[in-house]
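# Geometric and topological summary
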Amino acid sequence: MQYHPDIVIILEQILKADGLPIQIKLGIEGYISEPANISSQENLVYHLVDLELIATDNEIIDDKPLYKIAILFLNRLVNGENNTSKLSLFFVYLALCHLELGDHRSFLAIKNKLFALTEKEKPKLNEEQIIWLGLIRKAFRIYTRDNLDKAKDLFICLSYIDPFITEASEGDLYTCKEDFEHKLGNPDNSIPLGVGLLEKTRNETQTNYKNQRVLIFGREFFNSSTTKREHEVFKFLRNSLESIGADTIYISSENFNDNIPGEALRLLDKLAATVKEFRPTLVVFDEFGVHSPLPTNDFLSFIFQLREDFGVKLIGLYLDSWMPAQSHAIEKYGKFLDGIWEATSPSEILTDADFNYIRSPMPFDFSLYKNVQKTRQALFLGTVDTYNSNRAFYIHKLANSNLDITINITNSPKNERILDNTEYALELCLSKVNVNFAGRPTGKRIITGRVWETLLARSVLLDEFNPEINFFLTPFRHYIPFQSFNDLKLCLTFLEGNYESCRDIAIQGRKHIDRYFTPEKIWSYVFRQVDLI
């Protein structure tokens, strides 16, 4: 795309504005530093539209120049894009820009192109995948600025079903309050299957880990569509290893999926040099097989020759195995790995004997979670994005209810900054009840990090009923499940008036994680699974 110096001048003026959300600031700076980069141009479009919406929300009267700049970029991006998902998203943004500018003729033309595109692809896609094309994304991003009316208007104009009204429900878990109280008072006494995997390490507190040297190759940042923050999991992995006396070294894989092959190859060279010098007993490789700068056979030959030469064990870490790219990598490369660490869907795994699964949560930092006085009744703390879009229905309904619940959407452009790990943990600790949503757009439900964080916070966990959580926890003993908004409303209403009677769930949840899922017990299990102890 041609470089536009006049646009850069406008953007540099925007950067001087007070109170500019950090993610928008980073997006603009990214384009200014790399104006020819397609990814920078895409991000700039999203941020220009967001910024114009914020200006409109704040009743700043202008001729909406940022929409006009976004249209200029979008028209170029559309012409150079073949991916159906991205094209659909670009068309949605174009439709929104024209609609906001009052250009209904152009809006209708874009709407027709969008319909033609999705109709053409419908035979290849199921309903969930069509939604995931990005048609829903703009509405959620607008909603995070509390502009629900504008989000709904966009859907109505595009003739799509309003996602804030429609719920894909499997039915209610509870027929009435009495049914809920009965289940609450009669929890299952069976031991979750996942507990048995770690139970044998329960009394092993004297194991010497000083001869263990672990190299972690993983992401440095967690990226949502609007924010970028340090990826806490890889910090927790390093800190937990140090806490048990193991030696550890970390290599950021942030550029491993870079479009510039030279940078990714440089990282592989660094990995090889570090293995040679550090001589690890174990390498934990984030998203093994998902990305590679080399042809598949060359990549495998490189990694496995390294393993053979230095006698190192190799674990593939998959934090989002529900995503197609990760699940395919596991199926394709899992049998070549010494271990497959799968934390989010432990019950949905391949039964092939060639696959050595490590079914365990990540080792969390227990020190972050203080035993403080609870000052808030209920809280949802988390993101709303394409990878967890299902939760938007629940959040909308909660926000428009009379329930006593605080909603903090952590990737909202309204936030002045991103919470650090200590601040995030404190927010959970201050809440009597923490609500979590396990559903993902592929139709799967997973166990998320907030499950363990809520247990550490000594709060009552409300989460969507699913076998992944039940692999590690017992319903009504360690958490309270729900399956519909009716369930969720019933649970929250009951807890508002009967919290003390449910405090035992929070207490039992914390005892459960203290007993079975401390960092030392998790690492003992991991090392045993790959025959290192």
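Scroll up for the structure.
Conventions and cut-offs
- Residues numbered from 1 in each chain as written.
- Predicted model: local features only at pLDDT ≥ 70, side-chain atom pairs only at ≥ 80, totals over all residues.
- Heavy atoms only, no water.
- Pairing = 2+ DSSP bridges.
- Helix = DSSP H or I, 4+ residues; strand = E, 2+ residues; numbered from the N terminus.
- Axes fitted to C-alpha atoms, helices over the stretch in contact; angles between N-to-C directions.
- Contact = heavy atoms within 4.5 Å.
- Buried < 20%, exposed > 50% of the residue type's maximum accessible area, 1.4 Å probe, protein only.
- Arc of directions from axis to C-beta.

Moving on, we come to the sheet that holds strand β12 (residues 460-464). An order of β10-β9-β11-β12-β13 is seen for the 5 strands of this open sheet, with the pairing classed as parallel. Strand pairing shows two members of the sheet lacking a second neighbour, β10 (406-409) and β13 (480-482), which therefore form its edges. Each strand axis lies, on average, 25° off the axis of its neighbour in the sheet, ignoring direction. With 4 bridges joining them, strand β9 (residues 376-382) and β10 adopt parallel strand pairing. By the bridge assignment, Leu379 is partnered in β10 with Thr406. Taken strand by strand, helix α16 (residues 391-399) contacts β9, β10, β12 and β13, and its axis lies near 140° from that of β10.

Okay, helix α15 (residues 324-333) next. Taken as a whole, α15 has its buried residues at Gln326, Ser327, Ala329, Ile330 and Tyr333. Down the axis, α15 shows its buried residues gathered within 160° of arc, on one side only. Structurally, α15 contributes buried residues whose contacts are with α14 (296-310), β6 (313-318), β7 (339-342) and β8 (357-358).

Turning to its location among the elements, Phe476 is positioned in the loop between α19 (467-470) and β13. For the pair Phe476 and Asp188, spaced 288 residues apart in sequence, the C-alpha to C-alpha distance is 7.8 Å. Among all residues touching Phe476, those that are not within four sequence positions of it are Tyr174, Phe180, Lys183, Leu184, Pro187, Pro481 and Ile505.

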